[in-house]
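# Fold and contact review
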Amino acid sequence: MKNFLISYTFQNGTPEAWHAQIAAFIAALDSDPELKGRIAYRCMKARTGNAYYHLATPQDDAAAAALQTRDWFKRYNEATRAVAGGEVTVTPLELIAQTA
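My aim in this report is to walk through the structure given alongside it, one point at a time. (Residues numbered from 1 in each chain as written. Predicted model: local features only at pLDDT ≥ 70, side-chain atom pairs only at ≥ 80, totals over all residues. Heavy atoms only, no water.)

Looking now at the packing of aromatic side chains. Scanning all chains against the criterion turns up 9 aromatic pairs. On the numbers, 5.7 Å between centres and 10° between planes, the contact of Trp18 with Tyr76 is stacked. Of the two residues, Trp18 sits in helix H1 (residues 15-31) while Tyr76 sits in helix H3 (residues 71-83), which places them 58 residues apart along the sequence. Note on accessibility: Trp18 and Tyr76 belong to one class, buried. Both rings, one in Phe25 and one in Tyr41, keep their centres 4.9 Å apart while their planes meet at 70°; by these two values the pair is edge-to-face. Within this pair, whereas Phe25 is found in helix H1, its partner Tyr41 is found in strand S2 (residues 39-45), the two being separated by 16 residues in sequence. Pair check on accessibility: Phe25 and Tyr41 agree, each one buried. (Phe/Tyr/Trp six-rings, centres within 6.5 Å; stacked < 30°, edge-to-face > 60°. Helix = DSSP H or I, 4+ residues; strand = E, 2+ residues; numbered from the N terminus. Buried < 20%, exposed > 50% of the residue type's maximum accessible area, 1.4 Å probe, protein only.)

This part is about the layout of surface pockets. Within this model, the largest pocket holds a volume of roughly 360 Å³. Contributions of two or more residues to the lining of the largest pocket are made by strand S1 (3-9), S2, strand S3 (51-58), helix H2 (61-67) and H3. In the lining of the largest pocket, the residues fall into 13 nonpolar, 4 polar and 1 charged. (1 Å grid on protein atoms, 1.4 Å probe; cavity = no way out; pocket = protein on both sides within 12 Å on 5 of 7 lines; lining within 4 Å. Points joined across faces, edges and corners; volume = space filled by probe spheres on them. Nonpolar A, V, L, I, M, F, W, Y, C, P; charged D, E, K, R; others polar.)

Let us look at the environment of Thr57. Along the chain, Thr57 turns up in strand S3. Apart from residues lying up to four places away in sequence, Thr57 is in contact with Met1, Lys2, Asn3, Arg38, Ile39 and Ala40. (Contact = heavy atoms within 4.5 Å.)

Once that is clear, we can look at the pairing of S3. Among the 8 residues in S3, 6 count as buried, and that is most of the element. Here S2 runs beside S3; their pairing, made up of 7 bridges, is antiparallel. Bridging across to S3, Met44 finds its partner in Tyr53. Joining the antiparallel neighbours S2 and S3 is a turn of 5 residues, in which Gly49 adopts a positive phi near 85°. (Pairing = 2+ DSSP bridges.)

Right, dumping it as structure tokens:
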């Protein structure tokens with residue numbers, strides 16, 4: 001499994017509206033017949049400040065590829081760039097070790 005860390009500083013809009021968009025994106029992932037259960041997704045915010053971190057873990061390359069074809073994913077990416085003022089970093093992560 002590959003992991004991707006998406007990070008940015010929230011700059012535009014209201015946190016409440018943005019959190020609703022994040023929840024809608026996750027609901028779309030959970031309800032998509034092809035993707036349900038194949039992509040784990042978490043969004044976290046630093047306790048202080050406006051730093052946001054999203055961790056996406058697709059089961060395989062096919063799940064990641066399928067996600068990229070969804071219109072709702074494209075809209076979510078655009079919305080993420082908008083709330084971040086255009087500065088979004090996507091970092092592929094390599095798993096070294098984990099708990100059982």
